[in-house]
Amino acid sequence: MPSHRYRDVYSRVEVPLTERDWPTRRLTAAPLWVPVDLRDGNQALAEPMDPARKRQFFTLMVAMGYKEIEVGYPSASQTDYDFVRLIADTDIAPDDVTIVVFTPARRDLVERTVASIQGITNPVVIHMYTATAPTWRTTVLGRDRDELRELILAGGRDVLDLAGHLPNVRFEFSPEVFNLTEPDYALDVCNAITELWNATPERPVIINLPATVEVATPNVYADQIEYMHKHLARRDSVILSVHPHNDRGTGIACAELALLAGAQRVEGCIFGNGERTGNVDIATLALNLHAQGIDPMIDFSDVDEVRRTVEHANRIEIHPRHPYVGDLVHTAFSGTHQDAIKKGLAEHRARAVTEGRAESDIAWQVPYLPIDPADIGRNYDAVIRVNSQSGKGGIAYLLETEYGVELPRRLQIDLAGRVQQHTDDSGAEVTAEEIWSIFQRSYLSANDGDTAVVELVRYETSESAGRSRTRIVLRAQGQEHASSHDDVGPVEALAAALAAVGIRIQVLELHQVSIGQGNSSDALTVIEYRHDGANGWAAGRAGSVLAASLAAVVTAANTRTRSAAPAIG
């Protein structure tokens, strides 16, 4: 790799902070969230949003509880201008939602931006930006430091001249590519603009510090933010904001460390859409807080509806491994994970019963699931799924949750081997329905059709004078064999009747469950048995527990004697 062509961040920009407070701080509250999907995110789409998609997305953000939304770049796009006018002319923006509009520091563009907000009674933020980093100054703008400072202040004066009299309007300034700008220059420009705009605690100015192109480890960005936090003039009149991008894949970490370093506000996109590798993902940021016991102040209780709307607006599908919202993020295929989750969910249910509280109210401590999927509107159907990497725990969990069938541990092991063979042969994931089919073929089907060697024709139980009697009628090799058995249970009686026709089945364990719910549910009995020194498992299904138990014994007899007719005694 030609890595020699690149310089580390320390040789590109000074990081003057030597004493750091941010490593000792903790996140304790949600920041001010500002989704920029409708402007920054929209600019990054191959097919920008049409008015209908934009309105649907805006409505979603309002419903989720966002109180400040950047709605567009009205001087750059007629669609964006028209959307701002839609807000002015309708009631789609509740009174407590602040509308943010974006503009470069150029008078004609500031004029069009101010024109777009005329008539809006909501709080409004006019967000002015100019790139300040050395490469951008020289290569893109052709200005030295002093010339660029004057350009920024001229734009600030235009904003003040055209909108300073509007009581519902505040101002925001972004030194674009802040993270590659000399700290002393960024500080000087930001202090100059807050002085020009007469920042006060009652009418604060937002200073937004973008990591426009992420070039350093997150601790460097935290140092840069803390430097500004500690040295900005009129600090009590400034809302310190950050706007991280994700070029290195560490945008989330940059935002979280920046909040520790003094930032109060975060701009980003829901699920992280944006140029190149995207803006910081403010959904993940918010749910990270939720997972630490901090209310993010945004409603993600139906995250799948949020995802559907965002995918529709952006026409970009969310990756299945995307944090929190991806299709597979609460799913375990690994056997060890499945076993731990199964046990954790059982413990959670039991603890709720013991405490006399709802499962949704008690502390969450299920292994491998950082949050309860139900918190974000997910059910448990997809928590455990089975493929060739899965083990007995996941298989047992699916049968229990889908069919109410709880298997003994040793049978779980036996069934897992059969499912493993199936998944190894197919190479695909297996569903609960397919697992149930494998179970039935393996343990229930030996009595089916012409392959059955022995058949239970009928049985009768009676009790007289304190003694019990079971009468068994079997059909083997076309002949019926009747026998009576005193003072033993029906299962033992059937085993004795089978032994009389040469099939010796010893029942080692008997386990009974129901299939389905209610009065129409069937009984299912599974048995572990021994025949000719070998152990096996069989099952029986019937309308009653007794009939299912006897069917299981007959299944065992047929399973062991399929390949050879019994010697009739």
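Under an unreviewed UniProt entry, the name given to the chain is 2-isopropylmalate synthase, and the organism recorded is Pseudonocardia hispaniensis. According to the UniProt record, the Function (unreviewed entry) comment for the chain reads "Catalyzes the condensation of the acetyl group of acetyl-CoA with 3-methyl-2-oxobutanoate (2-ketoisovalerate) to form 3-carboxy-3-hydroxy-4-methylpentanoate (2-isopropylmalate)." Regarding the chain, the UniProt comment filed under Subunit (unreviewed entry) reads as follows: "Homodimer."

Chemist: What should I look at first to understand the overall build of the chain in this one?
Modeler: Counting its regular elements, the chain contains 17 helices and 14 strands. Against the globule reference of 25 Å for 569 residues, the chain gives a C-alpha radius of gyration of 35 Å, more extended than a compact globule. Along the longest, intermediate and shortest principal axes, the C-alpha atoms of the chain span 110 × 55 × 45 Å. Counting only residues that meet the buried cut, the chain has 51% of its 569 residues in that class.

Chemist: Looking at this model, I keep getting lost on the UniProt feature "binding site: Mg(2+)" (unreviewed entry) in the chain. Mind explaining?
Modeler: The residues that UniProt annotates with the feature "binding site: Mg(2+)" (unreviewed entry) are D40, H243, H245 and N279. In sequence the annotated residues extend across 240 residues, while in space they remain close, none of their C-alpha pairs exceeding 10.9 Å. Mapped onto the fold, H243 is located in strand β7 (residues 238–244). Owing to a relative accessible area of 4%, H243 belongs among the buried residues under this scheme. Every residue in contact with H243, bar those within four places of it in the chain, is listed here: V36, R39, D40, N208, L209, P210, A211, Y221, E267 and N279. Within the structure, the side chain of H243 is placed 2.9 Å from the side chain of D40, a separation counted as a polar contact. Along the chain, the position of N279 falls in the loop between β8 (265–268) and α10 (282–291). Under the relative-accessibility criterion, N279 is labelled buried at 2%. Among the polar contacts made by the side chain of N279, one reaches the side chain of H243 at a distance of 3.0 Å.

Chemist: Just to check I follow, could you spell out the pairing of strand β3 (residues 98–104) for this structure?
Modeler: Across a regular strand the side chains alternate sides, sitting on one face of the sheet and then on the other. Counting buried positions along β3 gives seven out of seven residues, so the element sits mostly inside the fold. What you see with β3 is no split at all: T98, V100, F102 and P104 on one side and I99, V101 and T103 on the other are buried throughout. Sheet topology places strand β2 (residues 68–72) next to β3; four bridges connect them, and they run parallel. From the neighbouring strand, E68 faces β3, where its bridge partner is T98. Between β2 and its parallel partner β3, the chain crosses via helix α3 (residues 78–89), and the hand of that crossover is right-handed. Here β3 runs beside strand β4 (residues 124–131); their pairing, made up of six bridges, is parallel.

Chemist: Just checking my understanding: could you explain the environment of F58 for this structure?
Modeler: Mapping F58 onto the fold places it in helix α2 (residues 51–64). Judged by relative accessible area, F58 falls into the buried class, the value being 0%.

Chemist: Would you take a moment to explain the sheet that holds strand β9 (residues 454–464) for this structure?
Modeler: Backbone-to-backbone hydrogen bonds pair the strands of a sheet. The strands run either parallel or antiparallel. Strand order in the open sheet formed by three strands is β9-β10-β11, with antiparallel pairing between adjacent strands. Each having just a single partner strand, β9 and β11 (479–486) make up the two edges of the open sheet. Between one strand axis and the next, the sheet turns through 15° on average, direction left out of account. Here β9 pairs with strand β10 (residues 467–476) via 10 bridges, running antiparallel. When the bridges of β10 are listed, T461 appears paired with T470. Packing of helix α16 (residues 490–500) onto the sheet brings it into contact with β9, β10 and β11, and relative to β10 it is tilted by some 40°.

Chemist: So what exactly am I meant to see when it comes to the UniProt feature "domain: Pyruvate carboxyltransferase" (unreviewed entry) in the chain here?
Modeler: Under the feature "domain: Pyruvate carboxyltransferase" (unreviewed entry), the UniProt entry names residues 31–304. Spanning residues 31–304, this segment combines 44% helix with 18% strand, and its end C-alpha atoms are found 24 Å apart.

Definitions and cut-offs
- Residues numbered from 1 in each chain as written.
- Predicted model: local features only at pLDDT ≥ 70, side-chain atom pairs only at ≥ 80, totals over all residues.
- Heavy atoms only, no water.
- UniProt positions renumbered as here; feature names shortened; annotations may be inferred.
- Helix = DSSP H or I, 4+ residues; strand = E, 2+ residues; numbered from the N terminus.
- Rg over C-alpha atoms; globule rule 2.2 N^0.38 Å.
- Buried < 20%, exposed > 50% of the residue type's maximum accessible area, 1.4 Å probe, protein only.
- Contact = heavy atoms within 4.5 Å.
- Polar contact = N/O pair within 3.5 Å; in protein donor to acceptor, adjacent residues only side chain to side chain.
- Pairing = 2+ DSSP bridges.
- Right-handed = clockwise from strand over helix to strand, strands pointing away.
- Axes fitted to C-alpha atoms, helices over the stretch in contact; angles between N-to-C directions.

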